[in-house]
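# Coordinate analysis (summary)
Chain by chain, the residues:
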Amino acid sequence: MPVYEYHCKNCKKDFTLRMTVDEHDRQLPECPSCETKEGVEKRIGGAYVITERKS
Ligand SMILES: [Zn+2]
């Protein structure tokens, strides 16, 4: 599952969330610090995928 980076303009903090591409397209998350969506913006190109390899 990809991890997306967001930035909250309210508290000027970056945070990352793990969600499906579908969820990411549909909704903007709440900032975990101030619990509002108002100042949250997507960081374009901030998505990356954690690959879990068992070796
Ligand atoms: Zn915030």
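Heads up: these notes are all about the structure in this document. Starting afresh in each chain, residues are numbered from 1 along the sequence in its written order. Per-residue local features of the predicted model are confined to residues with pLDDT of at least 70, and side-chain atom pairs are confined, for both listing and counting, to 80 or more; whole-chain, interface and lining totals are unaffected and use all residues. Processing note: side-chain calculations cover all non-hydrogen atoms of the structure and skip hydrogens and water entirely.

## Description of the pairing of strand β1 (residues 2-8)
Each regular strand displays side chains that alternate between the two surfaces of the sheet. We call a residue buried when its accessible area falls under 20% of the maximum for its residue type, exposed when it is over 50%, and partly exposed in between, using a 1.4 Å probe and counting protein chains only. What counts as a helix is a DSSP run of H or I of at least four residues, what counts as a strand is a run of E of at least two, and both are numbered from the N terminus. β1 sits mainly inside the fold: 5 of its 7 residues count as buried. Paired strands are those between which DSSP finds at least two bridges. Examined bridge by bridge, β1 and strand β3 (residues 40-42) share 3 bridges and lie antiparallel to one another. Looking at β3, one finds that Tyr6 is bridged to Lys42.

## What about the coordination of the zinc ion?
Within the protein, the atoms that donate to the zinc ion are Cys8 (SG), Cys11 (SG), Cys31 (SG) and Cys34 (SG), at distances of 2.1 to 2.3 Å. As a rule, N, O and S atoms within 2.8 Å of a metal are its donors, except that Na, K and Ca use 3.2 Å; water is not among the atoms, so sites may look incomplete. In this scheme the shape depends on donor count and angles: four donors with every angle between 85 and 135 degrees give tetrahedral, four or six donors with opposite pairs above 155 degrees and others between 65 and 115 give square planar or octahedral in turn, and any other case is irregular. Note that the zinc ion binds 4 donor atoms; their angles at the metal cover 103 to 126 degrees, and the shape is tetrahedral. In the primary structure, the donors to the zinc ion are separated according to the pattern C-x2-C-x19-C-x2-C. Of this pair, Cys11 sits in the loop between β1 and β2 (13-18) while Cys31 is found in the loop between α1 (21-26) and β3, placing the two residues 20 residues apart along the sequence. A relative accessible area of 26% places Cys11 in the partly exposed class.

## Quick look at the pattern of salt bridges
Definition used for salt bridges: Asp or Glu carboxyl oxygen within 4 Å of a side-chain nitrogen of Lys or Arg. Using the criterion set out here, one finds 4 salt bridges in the structure. Asp22 serves as the salt-bridge partner of Arg26, at 3.0 Å between the closest nitrogen and oxygen. Of this pair, Arg26 and Asp22 both sit in helix α1, separated by 4 residues, roughly a single helical turn. On the accessibility criterion, Asp22 (47% relative accessible area) is partly exposed. Each of Glu5, Asp14 and Arg43 takes part in a single network of salt bridges with overlapping partners.

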